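Summary of the model geometry
Below are the chains, spelled out letter by letter.
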Amino acid sequence: MRAIWQDIRFGARMLAKHPGFTAIAVLTLALGIGANAGIFTILRQVVLQRLPVPHPEQLVLLYSPGPKQGHVNSDESSAPGEDGAESFSYPMYANLRDRNSVFTGLAAKDTFSATLTFRGNTERARADLVSGNYFETLGVTAAIGRTFEPADTAAPGSNPVVMLSSGYWKSRFGADPGVLNQSVLVNNRPMTVVGVVSASFDGIQPGFVPEIYIPITMIPSLTPAPTDLNNHKDYWIKLIGRLRPGTSRERAAAGLAPLYSALLRDELPLFTGWDDAKKAEFLAKKLILRNGARGRPQLSSGAGPQLTALMGMVGLVLFIACANVAGLLTARGAARQREIGIRLSLGASRGRLIRQLVVESFLLSVTGALLGLVIAAWTSSSLVRFAAENGIADGLSSALSPSVLAFTCALALVSGVLFGVAPSLRATRVELVSTLKEQSGALSSGLRHTRLRQGLVVCQVALTLLLVTAAGGFARSLFNVKHIDLGLRTAHVLQFSVAPQLNGYDQARSFAFFGQLEDRIAAVPGVLSLSGTQEPLIADSDRGSNVTVEGEPPALAGTRHVMRNAVGPRHFSNMGIPLLKGREFTRADVAGSPKVAIINETMAKTFFPTGDALGRRMKFGGGSDPLDMEIVAVVKDSHHSGVKEEPRPFVYIPYAQEKNIGALTYYVRTSQSPETLASTVRGVVNELDSSLPIDGVRSFEGQINRQLASDWLIASLAEIFGALAALLAAIGIYGLLAYAVTQRTREIGVRMALGADTGKVGRMILEDVSRLVGIGVLLGLPLAYGLSRLVNSMLYGVKAFEFVTVGSALLVMVFVALAAAYLPARRATRVDPLVALRYE
Amino acid sequence: MADANGTLIKMEGVKKVFFTDEVETHALEEIHLEIKKGTYISIAGPSGCGKSTLLSILGLLDSPTEGNYELNGQPVAKLTISERTRIRNREIGFIFQAFNLIGDLTVYENVELPLTYRGTSSSERKQKVQNALERVGMAHRLRHYPSQLSGGQQQRVAVARALVGDPLILMADEPTGNLDSKNGEAVMELLRDLHRNGATICMVTHDQRYANFAERTIHLFDGRIVEETQEARVGAN
């Protein structure tokens with residue numbers, strides 16, 4: 001132990017005595033380790049972390065893919081044919097909960113947008129509607145007060161109680177315990193605060209942190225739109241169950257199958273218009289139980305692959321960093337041959353010297369890791385802030401948890417071994433006699449004696465090519481995405497949302513409010529036009545229905561699905577969507593007037609392939625009701641929910657003819673910078689109703705950028721990591737060539753004395769670097785091809801292994817090699833033969 | 001411990017051949033040599049005659065191609081690397097032409113090094129290093145680094161390092177080779193003092209003046225011992 005302490009002391013002194021070397025090595029490692037720890041901090045929370053509840057391994061999420069009829073509210077991206085598989089009706093939930101024998105508890109939840117008014121101040125709040133047994137099933141307790149109980153959801157609207165999340169209690173109520181049993185208004189409905197949820201619990205959906213919890217049976221009294229809890233055809237609830245101890249998912253699924261089949265048989269008569277095959281498909285639906293230990297998978301399935309790709313990239317950066325430091329240590333080992341020879345002659349064993357050198361390596365890696373933690377904290381807090389600001393995920397923590405610290409320690413250990421052991425083994429292989437005699441008279445021969453460093457540089461080049469190729473792929477993908485024609489005029493538009501329904505407005509009052517708001521904003525100087533939409537644009541917000549159109553084969557009636565939105569007058573001119581035929585909606589298109597619809601080009605081509613759509617009639621849904629809407633226009637396709645979406649059949653109706661409009665998102669076109677209009681808009685809303693929150697005030701271009709945030713993030717990080725790898729590779733190549741030129745000074749002197757000109761000497765150096773880079777590229781290309789197959793699914797309109805991307809990456813590598821070789825080559829060509837031949 | 005008649009080193013038929021590519025270089029041929037405990041012996045000869053090779057084999061830095069070599073009664077020609085390392089550490093003290101002090105260690109730490117590898121306790125190390133440095137007159141430079149010392153002073157420190165572990169024999173390879181004549185003389189006087197106090201010394205030199213400091217000189221030429229002289233009185237310079 002004492003000997004190791006001596007090694008540590010000596011190692012620390014050696015590092016302190018060579019501050020340049022130490023700084024480069026530590027900084028290189030810190031960047032590699034820090035980037036890894038930073039990305040891991042996020043990856044752990046998104047992909048790896050279990051819910052902070054007792055026995056999370058017992059939790060399962062319920063899915064049931066297959067035919068549905070009615071309204072489906074889905075919030076998971078699913079495989080084809082599995083749309084809405086995660087959503088269940090309330091009656092189905094109640095039956096499963098009460099009649100199963102495999103769960104100790106089956107809980108339900110759905111996310112909900114609410115306003116909460118306290119002491120006259122109204123704010124939007126993220127809410128979870130949860131079943132009465134939700135907290136009991138999860139094993140989550142209250143920090144103060146109580147959690148919900150099954151009795152809280154015994155009957156619709158019976159218990160107007162609310163729980164606060166710990167974070168919301170602190171931020172909105174200053175952690176005042178006096179808030180217990182006080183009344184607040186949720187969506188203008190008085191409710192009593194009965195408890196604050198334990199601080200460790202942030203809901204079961206990573207990335208969405210509820211601020212308040214509301215009993216699920218309160219939903220009918222919180223929205224004017226009637227929500228019928230007895231409706232078997234309204235799929236909106238997400239289920240999470242806790243298996244009985246010792247019950248596997250497979251056994252539980254088998255145990256549930258008879259019950260589920262019976263429930264489906266009971267429901268079947270409610271589903272009309274299906275042929276026998278469809279009915280058989282419905283009755284064959286299965287309940288699938290998926291691992292719920294990590295909660296609902298929206299964030300992990302959305303951002304998980306990208307984070308995993310980033311983790312792989314930073315892993316490669318760390319590997320390159322280790323190769324670089326190994327190269328530096330090898331060079332230092334060569335410079336310390338004499339010291340090592342002396343120690344060996346004095347009786348140090350080789351093992352002892354290897355230990356001493358490895359201790360020095362670990363000092364470097366530990367110092368790098370400590371500095372890396374600072375970089376990790378900065379990286380993760382930047383990522384967390386970026387994710388929150390761009391709506392990617394809430395509630396992520398940038399704190400360096402014990403597992404991140406353990407991960408960093410492991411990285412330090414592994415990197416210490418990676419870069420320390422091989423150079424130590426090499427450095428202690430000393431030719432004792434000649435080393436001690438300083439026999440350095442022989443001419444060295446190029447890079448022949450630096451095989452280890454050459455190997456390291458070749459690895460660096462290969463891996464850098466890999467990263468630069470990936471970075472090129474992501475950069476081109478982002479370029480493609482940014483240049484997608486959305487079919488919308490995006491500049492000089494301010495958007496904002498208001499939801500008077502959440503403040504208790506009924507439909508008539510809401511329409512009156514919208515009318516006043518539109519008039520007032522239209523009168524603001526600089527405002528050119530405005531329009532409102534029920535579903536916000538480019539915000540991942542979708543709404544769809546089956547339709548029946550005039551003239552279609554009867555078998556198709558009510559079976560084809562289209563997307564829909566309710567929009568205000570002059571929406572298409574306001575958003576720059578060209579009208580191909582017909583007219584815009586006007587203020588005359590109101591509830592009592594003839595119902596009208598506008599369809600997009602894709603719908604016109606799909607539903608009316610041979611004739612003119614204009615003047616044809618249609619309706620939402622099937623059945624025998626008359627076709628109640630007339631198509632009054634066809635507009636050009638435009639993007640609705642996302643930047644990367646493909647054109648889909650789309651129906652627009654006037655929002656004034658929609659049954660239930662509780663909220664609108666407005667798009668205000670202005671002649672000035674849209675942000676300058678924000679305070680004016682707030683003022684107008686405030687004048688109309690000071691208690692009405694205004695949400696999502698930002699430029700429309702800002703909204704589109706939020707949509708592209710994750711693409712931008714991965715492309716930017718890939719470029720940063722690619723650049724870092726290229727820089728490290730350049731340093732590696734430079735270090736090797738500079739060392740080789742120093743070793744070859746006498747040889748170069750002899751060559752020059754014998755008549756070699758500077759061009760020949762320069763070429764000699766370039767040949768060395770060309771050979772190394774060539775081998776690295778040959779090794780790197782197949783790796784890049786392999787990688788491209790992994791990342792192609794994350795790219796848009798481009799493949800990672802394409803001529804342009806790979807060609808650009810090769811050009812980058814040539815540039816890196818030439819830049820790295822420039823100084824050593826120049827030094828070689830400036831060798832003075834007279835001086836060199838005296839060189840020692 | 002030397003054998004009954006005091007023989008510390010015994011070489012019989014030692015050969016050393018270097019193989020480089022297709023060239024065989026016979027550095028030593030048929031070396032027969034006995035060194036008794038307490039002897040001061042010098043190995044002399046022109047450059048390239050094999051004297052440093054012989055010293056390297058004597059000091060277990062290298063091994064013979066053929067022949068027997070016994071150190072202190074123990075055959076050492078075929079020992080493993082770790083056994084040779086252990087013997088170098090405990091029974092041999094080296095003094096090199098280029099001093100071979102470690103520039104990043106202080107005088108104290110340089111001298112302490114063989115004891116560190118031996119596992120000697122800190123307090124014992126401290127005492128032994130102090131004694132060794134006092135013997136060579138360098139105790140006042142404990143905290144200095146080699147670069148802060150003159151060549152002569154560095155070689156004194158190197159001598160202290162060779163002495164500190166109480167070795168059976170001191171191996172000195174051209175100890176004055178990098179010194180001016182004044183410092184060279186001083187180092188030779190130091191070695192003579194050590195010998196007078198009982199040290200066994202084996203020194204390689206190509207300088208006849210310094211060879212004469214030894215009581216016995218063997219002359220090498222083309223890898224063979226061609227002559228051996230024995231002085232009746234030590235230090236006839």
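Nothing here was measured: the structure is a model prediction, and the numbers come from that model.

What follows deals with the overall build of chain A. Counting secondary structure elements, chain A contains 24 helices and 23 strands. Counting only C-alpha atoms, chain A reaches 105 × 60 × 60 Å along its principal axes. Once local pairs closer than 6 in sequence are excluded, the contacts in chain A between residues at least 24 apart make up 83%.

What follows deals with the overall build of chain B. Helix and strand counts for chain B come out as 7 helices and 10 strands. Relative to a compact globule of 237 residues, whose C-alpha radius of gyration would be 18 Å, chain B shows 17 Å and is just as compact. C-alpha extents for chain B along the principal axes are approximately 45 × 45 × 40 Å. The 237 residues of chain B split such that 49% are buried.

With 32 residues, helix α14 (residues 451–482) of chain A extends 46 Å between its outermost C-alpha atoms, agreeing within 8% with the 46 Å of an ideal straight helix rising 1.5 Å per residue. Along α14 of chain A, 24 of the 32 residues are buried, which leaves the element largely enclosed by surrounding structure.

Attention now goes to the sheet that holds strand β9 (residues 216–221) of chain B. Residues and elements named next belong to chain B. Taken together, the 6 strands give an open sheet; going across it, the order is β6-β7-β8-β3-β9-β10, and neighbouring strands pair in mixed fashion. On the outer flanks of this sheet lie β6 (92–95) and β10 (224–230), each paired with one strand and no other. The average angle at which neighbouring strand axes cross in this sheet is 20 degrees, direction not considered. Alignment of β9 against β10, held across 6 bridges, turns out to be antiparallel. Residue Leu-220 lies in a different strand from β10, and its bridge partner there is Ile-225. The sheet contacts of helix α5 (residues 151–163) involve β6 and β7 (169–173), and relative to β6 the element is tilted by about 170 degrees.

A separate point is the sheet that holds strand β2 (residues 23–36) of chain B. Residues and elements named next belong to chain B. Across the sheet, which stays open at both edges, the 4 strands sit in the order β2-β1-β4-β5 with antiparallel pairing between neighbours. If you trace the sheet from one side to the other, it starts and ends with β2 and β5 (74–75), each paired once. Relative to strand β4 (residues 66–71), strand β1 (residues 7–20) runs antiparallel, the two being bridged by 5 bridges. Bridging from a neighbouring strand, Lys-15 pairs with Glu-66 of β4.

Moving on, we get to the nonpolar core. Counting 119 residues, the largest nonpolar core has Val-162, Ile-212, Ala-597 and Ile-599 of chain A as its most contacted members. Residues contacting Val-162 of chain A, with those up to four places away along its chain left out, are Val-184, Val-186, Met-191, Thr-192, Val-193, Ile-212, Tyr-213 and Ile-214 of chain A.

What follows concerns the interface of chain A and chain B. A common way to express how large an interface is: the accessible area buried when the components associate. Counting residues at the interface gives 18 residues for chain A, matched by 20 residues for chain B. Put simply, the parts of the chain that give the side of chain A that touches chain B at least two residues each are α1 (2–17), α10 (337–345) and α13 (432–437) of chain A. Tallied by class, residues from the side of chain A that touches chain B come to 7 nonpolar, 4 polar and 7 charged.

In this section: the environment of Ile-41 of chain B. All names here are of chain B. By secondary structure assignment, the location of Ile-41 is in strand β3 (residues 40–44). For Ile-41, a count of 23 C-beta atoms within 10 Å corresponds to the buried category. Once the C-alpha coordinates of Ile-41 and Thr-200 are considered, the two residues, 159 residues apart in sequence, prove to be 8.2 Å apart. If near-sequence neighbours (up to four positions away) are discounted, Ile-41 is found in contact with Ile-35, Cys-202, Ala-214, Arg-216 and Ile-218.

On to helix α21 (residues 745–753) of chain A, then. Residues and elements named next belong to chain A. Among the 9 residues that make up α21, 7 are buried, leaving the element largely enclosed by the rest of the structure. For α21, every residue scored as buried is listed here: Thr-745, Arg-746, Glu-747, Ile-748, Gly-749, Arg-751 and Met-752. A positive phi of about 115 degrees marks Gly-755, the residue just after α21.

Moving on to the confidence of the model for chain B. Residues and elements named next belong to chain B. For chain B, the mean per-residue pLDDT works out to 88, and 95% of the residues sit at or above 70. Note that residues 233–237 has pLDDT below 50 and, in this model, 11 contacts with residues that lie over four places away or in other chains. The ipTM for the predicted assembly is 0.80, set against a pTM of 0.81.

Residue and element names in this part refer to chain A. The backbone of Asn-188 shows a phi angle near 70 degrees, a positive value even though the residue is not glycine. With respect to the helices and strands, the residue Asn-188 is situated in the loop between β7 (183–186) and β8 (189–197). Positive phi outside glycine occurs at Asp-540, with the angle close to 55 degrees. Structurally, the position occupied by Asp-540 is in the loop between β14 (527–533) and β15 (544–549). Residue class for Asp-540 comes out partly exposed when judged on the 14 C-beta atoms lying within 10 Å of it.

Further remarks concern the packing of helix α3 (residues 107–118) of chain B against α5 of chain B. Residue and element names in this part refer to chain B. It is the contact of α3 with α5, at a shortest axis distance of 7 Å, that shows an interaxial angle of 30 degrees. Relative to α5, the element α3 lies roughly parallel. For the crossing formed where α3 meets α5, the hand is right-handed. In this structure, α3 uses Val-107, Asn-110, Val-111, Leu-113 and Pro-114 to contact α5, whose residues at the interface are Val-157, Ala-160 and Arg-161. Tallied by class, residues from the contact of α3 with α5 come to 6 nonpolar, 1 polar and 1 charged.

The subject of this paragraph is the packing of helix α20 (residues 709–743) of chain A against helix α22 (residues 758–791) of chain A. Relative orientation and spacing of two packed helices are given, respectively, by the angle between their axes and the distance between those axes. Residue and element names in this part refer to chain A. Taken N-terminus to C-terminus, the directions of α20 and α22 make an angle of 140 degrees; their axes are 11 Å apart at the nearest point. Overall, the two elements α20 and α22 adopt an arrangement that is oblique. In this structure, α20 crosses over α22, and the sense of that crossing is right-handed. Across the interface between the two elements, Ile-733, Leu-737, Ala-740 and Val-741 of α20 pack against Ile-765, Asp-768 and Val-769 of α22.

Glancing now at the pairing of strand β21 (residues 650–654) of chain A. Residue and element names in this part refer to chain A. With respect to burial, β21 is a largely interior element, 5 of its 5 residues being buried. When strand β16 (residues 560–567) meets β21, the two strands line up parallel, connected through 5 bridges. Among the inter-strand pairings, Ala-566 is bridged to a residue of β21, identified as Ile-653.

Residues and elements named next belong to chain A. As for its position among the elements, Ser-398 is in the loop between α11 (350–389) and α12 (402–427). Of the residues examined, Ser-398 has 19 C-beta atoms within 10 Å and is grouped as partly exposed. Along the primary structure Ser-398 and Leu-790 are separated by 392 residues, whereas in three dimensions their C-alpha atoms are 28 Å apart.

Residue and element names in this part refer to chain A. As paired elements, β15 and strand β19 (residues 617–620) share 3 bridges and run antiparallel to each other. Within the sheet, the bridge partner assigned to Val-547 lies in β19 and is Phe-620. Pairing of β19 with strand β20 (residues 629–635) involves 2 bridges; the strand directions are antiparallel. By the bridge assignment, Met-618 is partnered in β20 with Met-629.

What follows is about the environment of Val-433 of chain A. On the secondary structure map, Val-433 of chain A appears in helix α13. Excluding its chain neighbours within four sequence positions, the residues that come into contact with Val-433 of chain A are Ser-56, Leu-61 and Asp-62 of chain B.

On to the confidence of the model for chain A, then. For chain A, mean pLDDT is 89; residues scoring 70 or higher make up 97% of the total. Here residues 439–446 of chain A is modelled with pLDDT under 50, and outside its nearest four sequence neighbours on either side it reaches 12 contacts, counting other chains as well.

Each value, and the rule that gives it
- Residues numbered from 1 in each chain as written.
- Chains lettered and ligands numbered in written order.
- Predicted model: local features only at pLDDT ≥ 70, side-chain atom pairs only at ≥ 80, totals over all residues.
- Helix = DSSP H or I, 4+ residues; strand = E, 2+ residues; numbered from the N terminus.
- Contact = placed C-beta atoms within 7 Å.
- Rg over C-alpha atoms; globule rule 2.2 N^0.38 Å.
- Buried ≥ 20, exposed ≤ 12 C-beta atoms within 10 Å, placed from the backbone.
- Expected span 1.5 Å × (residues − 1).
- Pairing = 2+ DSSP bridges.
- Axes fitted to C-alpha atoms, helices over the stretch in contact; angles between N-to-C directions.
- Core = buried A, V, L, I, M, F, W, Y, C linked by C-beta atoms within 7 Å.
- Nonpolar A, V, L, I, M, F, W, Y, C, P; charged D, E, K, R; others polar.
- pLDDT = per-residue confidence, 0-100.
- Parallel < 35°, antiparallel > 145°, perpendicular 65-115°, else oblique.
- Left-handed = near helix turned anticlockwise from the far one by under 90°.

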